[in-house]
Amino acid sequence: MTAHLEVAEGVGTIRLDRPPMNALDIATQDRLKELAEEATRRDDVRAVVIHGGEKVFAAGADIKEMQAMDHAAMVVRSGALQESFTAVARIPKPVVAAVNGYALGGGCELALCADFRIAADNAKLGQPEILLGVIPGAGGTQRLARLVGPSKAKDLIFTGRHVKADEALTIGLVDRVVPAAEVYEQAHAWAARLAQGPAIALRAAKESIDAGLETDIDTGLAIERTWFAGLFATEDRQRGMRSFVEEGPGKAKFV
């Protein structure tokens, strides 16, 4: 398999495994979709880490495979390509990307599907598709602009340049930069902490933020209001408020 799912402490790690560069060919794209859907279904997965290994996250699509495709073939394939990444973005649980080495093209787009990105101090990210005469096709033009703003997104996409970890942190492309040897450990720790939280409330928070960004403020507030009221029907809400009143903040044990 070009990717697999491992579960420990409530954290599911989706590990890319296509050496040497984790090129995201069609088989890997389809496998990512399968694993994202599995992580969504499984109750023992409360949070997710996406990891490519100690040397590289993912250096992009399989260019040799794409070179052989004509317009008609890509018209058919582009929908499935986007669906595989969207399946990751829509995992209704906290998702963190643990980025070592290169995260370029499709690799950068995959990292953009996470809620949080922890990068190695030697990481390089970018959308170099323009250097091939195309543009990002797995969500890069949309998710990157929403994350770092349209001007920075245009800079990266128009030039195809690589961004080092320090600049990626400055522009908000990644959220934390750590020594390369600590990337997965810190990503797993972030996910494991959230895996102990109230699962339905975390899902509500993620869906409210993500859906709200796609609409106007009034509709976003309606989405928030519906989730907020609905959480009053959950056992976790009862436990959380009872614990707060009886023991003080931050001591609740959720189910």
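What counts as what
Residues numbered from 1 in each chain as written. Predicted model: local features only at pLDDT ≥ 70, side-chain atom pairs only at ≥ 80, totals over all residues. Heavy atoms only, no water. Helix = DSSP H or I, 4+ residues; strand = E, 2+ residues; numbered from the N terminus. Patch = residues over 30% accessible without salt bridge, like charges linked within 9 Å, V, L, I, M, F, W, Y side chains within 5 Å. Areas by Shrake-Rupley, 256 points an atom, 1.4 Å probe, with all protein chains shown as cover. Salt bridge = Lys/Arg side-chain N within 4 Å of Asp/Glu carboxyl O. Buried < 20%, exposed > 50% of the residue type's maximum accessible area, 1.4 Å probe, protein only. Pairing = 2+ DSSP bridges. Axes fitted to C-alpha atoms, helices over the stretch in contact; angles between N-to-C directions. Contact = heavy atoms within 4.5 Å.

Engineer: Would you mind going over unusual backbone geometry with me for this structure?
Structural biologist: Residue P20 is bonded to the preceding P19 through a cis peptide linkage, with omega at 10 degrees. Mapped onto the elements of the fold, P20 is located in the loop between β2 (11–16) and α1 (26–41). A positive phi angle, near 60 degrees, is found at E9, a position not held by glycine. Tracing the sequence through the fold places E9 in the loop between β1 (3–8) and β2. Non-glycine residue N22 carries a positive phi angle of around 55 degrees. Take N22: it is sitting in the loop between β2 and α1.

Engineer: Looking at this structure, how should I read a nonpolar patch on the surface?
Structural biologist: Side chains of I63, M66, L132 and V134 sit close together on the surface and give an oily, nonpolar patch of about 320 Å² of accessible area. Positionally, M66 belongs in helix α2 (residues 63–67). A relative accessible area of 31% places M66 in the partly exposed class.

Engineer: Honestly, the environment of D30 in this entry has me stumped. Any pointers?
Structural biologist: In this fold, D30 is placed in helix α1. Put simply, D30 and A47 are 17 residues apart on the chain and 21 Å apart in space, counted from C-alpha to C-alpha.

Engineer: I would appreciate a short explanation of the sheet that holds β1 in the present structure.
Structural biologist: Within a sheet, adjacent strands bond to each other through the backbone by hydrogen bonds, running parallel or antiparallel. With mixed pairing, 6 strands are arranged side by side in an open sheet as β1-β2-β3-β4-β6-β9. Edge strands, defined here as strands with exactly one partner in the open sheet, are β1 and β9 (176–178). In this sheet, neighbouring strand axes are inclined to one another by 20 degrees on average, regardless of whether the strands run parallel or antiparallel. Looking at chain direction, strand β4 (residues 95–99) and strand β6 (residues 116–120) are connected through 4 bridges and run parallel. Residue pairing for β6: V99 is matched across the bridge by A119. This element, α1, spans β1, β2 and β3 (47–51) of the sheet and lies at about 25 degrees to β1.

Engineer: Even after reading the chapter, I still don't get the environment of V174, so can you show me in this structure?
Structural biologist: Tracing the backbone through its elements, the reader meets V174 in the loop between α7 (165–171) and β9. Sequence-wise, V174 and A87 are 87 residues apart; in three dimensions their C-alpha atoms are separated by 21 Å. Discounting chain neighbours no more than four positions away, the residues touching V174 are R117, A119, L125, A165, A168 and L169.

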